[in-house]
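# Summary of structural features
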Amino acid sequence: MAWLGEELPADQQDGATRFAPRCSKDLIEEHLFAHRRDLFSRLDLVFMDTTSLYFEGLGGQSIGQYGYSKDHRPDLRQMILAVLIDGDGRPVCSEMWPGTLRRHPAWYR
């Protein structure tokens, strides 16, 4: 499933953030949203849920970082997983970031 995280070409990077470039999975999420959208679809209210995950073994060399761990495992590399859900409880998109919640000042803005 690594192909989902492959970066899109530079001309398709509109909307990318400094934490996450646009990837193949972004196109899939956008197409799925457009497919189920109708005249009354709205995103006036969305919920964002985040959690941290840790890697065991050799995983996480590129996205994992050491730091605060909700699982009390600061010895393992971690990443952040976020899911955006619309008002009807359907997932709109997901994102992954390196490290821990405490390492990203953007979370506190």
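An account of the accompanying structure is given in this report.

Conventions used here
- Along each chain, the written sequence defines residue order, and numbers are assigned to residues from 1.
- In keeping with the model being predicted, local features are shown solely for residues with a pLDDT of at least 70 and side-chain atom pairs are shown and tallied solely at 80 or more, while totals for entire chains, interfaces and linings include all residues.
- Note that the side-chain values use all heavy atoms of the structure and ignore hydrogens as well as water.
- To qualify as a helix, a DSSP run of H or I must reach at least 4 residues; to qualify as a strand, a run of E must reach at least 2; elements of each kind are numbered from the N terminus.
- Exposed residues in this analysis have more than 50% of their type's maximum accessible area, buried residues have under 20%, and partly exposed residues fall in between, with area computed by a 1.4 Å probe over protein chains only.
- Throughout, a residue-residue contact means that at least one pair of heavy atoms, one from each residue, lies within 4.5 Å.
- Here the rule is simple: two strands pair whenever DSSP picks up at least two bridges between them.
- One speaks of a salt bridge when a side-chain nitrogen belonging to Lys or Arg is within 4 Å of a carboxyl oxygen belonging to Asp or Glu.
- Convention adopted: a line fitted to C-alpha atoms gives each axis, helices being fitted over their contacting stretch, and angles between N-to-C directions are expressed from 0 to 180 degrees.
- By the criterion applied in these results, polar contacts are pairs of N or O atoms within 3.5 Å in which, for protein atoms, one can donate a hydrogen and the other can accept it, and in which residues neighboring in sequence qualify only through two side-chain atoms.

## Section: the overall build of the protein
Of the regular secondary structure elements, the protein holds 1 helix and 3 strands. Along the chain direction, N to C, the helices and strands of the protein fall in the order α-β-β-β. In the protein, buried positions account for 25% of the 109 residues. Taking contacts inside the protein between residues at least 6 apart in sequence as the whole, the part at least 24 apart equals 43%.

## Quick word on the side chain of Asp26
Here Asp26 is to be found in helix H1 (residues 24-36). What Asp26 contacts, discounting residues up to four positions off in sequence, is Pro21 and Glu95.

## Some points on the pairing of strand E2 (residues 78-86)
Sheet topology note: the strand E1 (residues 46-54)/E2 ladder contains 9 bridges and is antiparallel. Note on E2: the bridge partner recorded for Thr50 is Ala82. Linking E2 to strand E3 (residues 91-98), which pair antiparallel, is a turn of 4 residues; within it Gly89 sits at a positive phi near 85°.

## Regarding the pattern of salt bridges
The final tally for this structure, using the stated rule, is 8 salt bridges. Three or more residues are tied together by salt bridges with common partners; here these are Lys25, Asp26, Glu29 and Glu95.

## As for the environment of Pro9
Residue placement: Pro9 occurs in the segment before H1. Between the alpha carbons of Pro9 and Pro21 there is a distance of 9.9 Å; along the sequence they are 12 residues apart.

## Details of the sheet that holds E3
Two pairing modes exist for strands in a sheet, parallel and antiparallel, and in both the strands are linked by backbone hydrogen bonds. Pairing within the open sheet is antiparallel, and its 3 strands lie in the order E1-E2-E3. One side of each edge strand has no neighbouring strand; the edge strands of this open sheet are E1 and E3. Looking at each pair of strands side by side, their axes are set apart by 20° on average, direction ignored. Its contacts with the sheet place H1 against E2 and E3, and it is angled at close to 165° to E3.

## Concerning the side chain of Asp86
Here Asp86 shows up in strand E2. A distance of 2.9 Å separates a polar side-chain atom of Asp86 from the backbone nitrogen of Asp88. Apart from the residues within four sequence positions on either side, Asp86 is in contact with Arg36, Leu43, Leu45, Val46, Phe47 and Val92.

## Some words on the environment of Ala20
Topologically, Ala20 is positioned in the segment before H1. By relative accessible area, Ala20 is classed as buried at 9%. Considered as a pair, Ala20 and Glu7 are 13 residues apart in the sequence and their alpha carbons are 9.3 Å apart.

Function-wise, these values are silent; they only describe arrangement.
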